[in-house]
Amino acid sequence: MYRKTVLKNGIRIISERLEHFRSVSLGVWVNVGSRDEREEENGISHFIEHMSFKGTRRRSSLQIAKELDAIGGLSNAFTGAEATCFHARVLDKHLQALADILSDIFLHSRFEPGDISRERQVILQEINMLEDTPDEQVHVLFSRFYWLNHPLGMPIMGTPATVAAVNKRTVLGHIRRFYIPSRIIVAAAGHVEHEALVRCLEPLFEPLPAAAEDPVRTAPSSHFGVSCHPKDLEQVHFCLGGDGPHLSSEQRFAAAVLNAILGGNMSSRLFQEIREKRGLAYNVYSFVSSYNDAGLFGVYGATDPKEVNRALRVIKKEIKKIQKGEITRSDLEATLEHLIGGIWLGAENTDSRMIRLAKNEGLFGRYIPYEEVVSELQKVTLDQVVEVAQQAFKKDSVALVTLGPMEQDHLDLSPIAFG
């Protein structure tokens, strides 16, 4: 059963009661991420996420850890381009204790200068770890190139220079600007009583004052072309792609089908053609990155420098087949069964349901039943899948980024010349 309460200051509390579960997942969400940052403060949303666990007026960082461990809490937090979330999962009998801990770190973190200095070193190591992980770093480089000169292209963790500039003043200024009631959602899924949850949270969150203004986001524009980043690696990692659907686009269901057919699983065309038949790559897949007002559809792969051009030619060939309508009804039916199975399997996890609750509330302002999503997927036609492929990979509208031992002069650019 789904319930929703809006506090006097505008904070939304939503819950989904699942009678047959013993656990509850609780998340405190704020609608702010890296796309809301100025270039000089890039990474501050992620920095605040880290700092929130470093101590409050009532609890030290050690006390926070001990209290979460004492209730068996599986706690975590994450920052994305458009949202930050602090969440945990506990047995239902510990929900009130968990709500007290999460609200405390969300509302009353101290952000002491000494803690900021220590955590800065942790985040710099996290950035270094990304630099040592080329299959992740190439995605960061691709986003920066594709969303050129827009905050969506900035790395979520920031850069060493911007992280070095973070201090208590900039942290508190960012919180005052974005951690406002109109942007906050508290979501719970599992064995939860909505009225009890509201009684617990209302006195904690309602004192937060409403903001005078809610900062407005600017829409991005996509950027196409080629960008090579030579680096001494064993393989060349690459991403290529073009325009995809935004989060509320009617094409998002067809894009999910295309993604599964092209490179979303082991039976997908790219996996079979590039890995299984030719042995060109260990890892190759397609992906959809969708945001509130923009999106991209892409392909990632990694291969020997001598095989990059060959791999790109195979990718183009498979995409062109789909663009020409070489998909059968049985292809579509098998893909839908795969996607729908994944939806229902995800429904058996309270974390997944909590995240889904909050995202649907933030984007659509309502609860969306699983049955509705399944129904929309089942309406997808072969023509719609073809249309998404044609829009994502069209003439002069494809971006390619490489990372590894290759110069642009050695790239055969014909595989990205769609049209």
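Structural data are supplied above this passage.
Residues numbered from 1 in each chain as written. Predicted model: local features only at pLDDT ≥ 70, side-chain atom pairs only at ≥ 80, totals over all residues. Heavy atoms only, no water.

Peer 1: I tried to follow the environment of methionine 354 on my own but got confused; where do I start?
Peer 2: Looking at the secondary structure, you find methionine 354 in helix 13 (residues 350–364). Take methionine 354: its relative accessible area is 0%, and that puts it in the buried class. Placed 19 residues apart in sequence, methionine 354 and valine 373 show a C-alpha to C-alpha distance of 16 Å. Leaving out residues up to four positions away in the same chain, methionine 354 has contacts with Ser25, Leu26, Gly27, Trp29, His87, Ala187, Ala188 and Ala189. (Helix = DSSP H or I, 4+ residues; strand = E, 2+ residues; numbered from the N terminus. Buried < 20%, exposed > 50% of the residue type's maximum accessible area, 1.4 Å probe, protein only. Contact = heavy atoms within 4.5 Å.)

Peer 1: Teacher, can you tell me more about unusual backbone geometry here?
Peer 2: Apart from glycine, the bulk of residues carry a negative phi angle, and the bulk of peptide bonds sit in the trans form. Of note, phenylalanine 111 is a non-glycine position whose phi angle comes to about 55°, a positive value. Among the structural elements, phenylalanine 111 can be located in the loop between helix 3 (95–107) and helix 4 (113–131). Positive phi outside glycine occurs at asparagine 149, with the angle close to 65°. With respect to the element layout, asparagine 149 can be found in the loop between helix 5 (134–146) and helix 6 (160–164). A relative accessible area of 76% means that asparagine 149 is categorised as exposed.

Peer 1: For this particular structure, what's the right way to read the sheet that holds strand 9 (residues 284–290)?
Peer 2: Pairing between the strands of a sheet is mediated by backbone hydrogen bonds and can be parallel or antiparallel. Overall, mixed pairing links the five strands, which are arranged 7-11-8-10-9 in an open sheet. Single-partner strands in this sheet number two, and they are strand 7 (225–230) and strand 9. The mean angle between the axes of side-by-side strands here comes to 15°, regardless of whether they run parallel or antiparallel. Here eight bridges tie strand 8 (residues 236–243) to strand 10 (residues 295–303), and the two strands are oriented antiparallel to one another. Paired with cysteine 239 across the two strands is tyrosine 300, which belongs to strand 10. Taken strand by strand, helix 5 contacts strand 7, strand 8, strand 9, strand 10 and strand 11 (399–404), and its axis lies near 35° from that of strand 8. Strands in contact with helix 11 (residues 308–323) are strand 8, strand 10 and strand 11; relative to strand 8, the strand with the most contacts, it is inclined by about 30°. (Pairing = 2+ DSSP bridges. Axes fitted to C-alpha atoms, helices over the stretch in contact; angles between N-to-C directions.)

Peer 1: Help me out: how do you make sense of the side chain of histidine 194 in this one?
Peer 2: Locating histidine 194 in the fold gives a position in helix 8 (residues 194–205). With a relative accessible area of 4%, histidine 194 lands in the buried category. With residues near it in sequence (within four places) discarded, histidine 194 still touches Arg3, Lys4, Thr5, Ile13, Ile14 and Ser15.

Peer 1: Just checking my understanding: could you explain the sheet that holds strand 5 (residues 84–91) for this structure?
Peer 2: The mixed open sheet is built from six strands, whose spatial order is 1-2-6-3-5-4. Of all the strands in the sheet, just strand 1 (2–6) and strand 4 (74–79) have a single pairing partner and so form its edges. Neighbour to neighbour, the strand axes of the sheet diverge by 15° on average, direction disregarded. For strand 1 and strand 2 (residues 12–17), the ladder comprises five bridges, and the chain directions are antiparallel. Residue pairing for strand 2: arginine 3 is matched across the bridge by serine 15.

Peer 1: What is the right way to read helix 9 (residues 252–263) from this model?
Peer 2: Within an α-helix, residues lying three or four positions from one another point in the same direction, as the helix has 3.6 residues per turn. Its 12 residues give helix 9 an end-to-end C-alpha distance of 16 Å, which sits within 8% of 16 Å, the value for a rise of 1.5 Å per residue. Counting buried positions along helix 9 yields 10 of 12 residues, so the element is predominantly enclosed. Taken as a whole, helix 9 has its buried residues at Phe253, Ala254, Ala255, Val257, Leu258, Asn259, Ala260, Ile261, Leu262 and Gly263. (Expected span 1.5 Å × (residues − 1).)

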